[in-house]
Amino acid sequence: MKCLIDDCQEDAGQLWKGKSYCATHYDEVMSKDFEKEWSCWGDNMQPSHRFLYLCGRYINECKWKVINGSITGARLHDRAYNFLKDDAGFTFEITRHPGAFKDDFNPSYEVRRIVQKWKVSIKDGIAEFIEDRPWTIDDPDP
Ligand SMILES: [Zn+2]
């Protein structure tokens, strides 16, 4: 099957919204969609689900480089919060459970929670772990 874009002679290998495109045009329709969602994200708002879904695809398809830690598209899409937009991208936080531990003073196993902060630079295509902090009762644990 050929790419759906007129005059394109390439073989279609990628699906976008149920339509087949070559790799080049797939990237094109995807980034158009992304740009639209990005421009709809107003100040002091949280991003749309569609935007987060697209971010997840960028991560899962390795179009964005994940550095300094690990995160999957699904986790970003389903579990991230406290999104803050800036000119170059955005930051977000996510609650992680680095494993149960046994406290000396409390011999029962407890779930340990930390909050990781991540920064995404859209132009550079980089998702980077910045820092973590202790989880507090005010933080979500989705
Ligand atoms: Zn094409």
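Note: the structure precedes this text.
Residues numbered from 1 in each chain as written. Predicted model: local features only at pLDDT ≥ 70, side-chain atom pairs only at ≥ 80, totals over all residues.

Novice: What is the right way to look at the pairing of strand β9 (residues 126–134) in this model?
Specialist: Bridge analysis of strand β3 (residues 65–67) against β9 gives 3 bridges, and the strand direction is parallel. Across the sheet, Lys65 pairs through a bridge with Ile126, a residue of β9. Bridge count between strand β8 (residues 114–121) and β9: 8 bridges; the pairing is antiparallel. Bridged to Ile114 within β9 is Pro134. (Pairing = 2+ DSSP bridges. Helix = DSSP H or I, 4+ residues; strand = E, 2+ residues; numbered from the N terminus.)

Novice: Please explain the sheet that holds strand β4 (residues 81–85) as it appears in this structure.
Specialist: Each strand in a sheet pairs with its neighbour through backbone hydrogen bonds, running either in the same direction (parallel) or in the opposite one (antiparallel). Strands sit in the order β3-β9-β8-β5-β4 across an open sheet of 5 strands; the sheet is mixed. The open sheet has two edge strands with one neighbour each: β3 and β4. The average angle at which neighbouring strand axes cross in this sheet is 20°, direction not considered. (Axes fitted to C-alpha atoms, helices over the stretch in contact; angles between N-to-C directions.)

Novice: So what exactly am I meant to see when it comes to the packing of helix α1 (residues 23–40) against helix α2 (residues 49–60) here?
Specialist: Each pair of packed helices can be described by the angle between their axes along with the distance between the axes. Viewed as axis vectors pointing N to C, α1 and α2 meet at an angle of 135°, and their least axial separation amounts to 9 Å. One element, α1, and the other, α2, form an angle in the oblique class. When you trace α1 past α2, the crossing you get is left-handed. For the pair formed by α1 and α2, the contact residues are Asp33, Phe34, Glu37 and Trp38 on the first element and Arg50, Phe51 and Leu54 on the second. Residue composition of the contact of α1 with α2, grouped by class: 4 nonpolar, no polar and 3 charged. (Parallel < 35°, antiparallel > 145°, perpendicular 65-115°, else oblique. Left-handed = near helix turned anticlockwise from the far one by under 90°. Contact = placed C-beta atoms within 7 Å. Nonpolar A, V, L, I, M, F, W, Y, C, P; charged D, E, K, R; others polar.)

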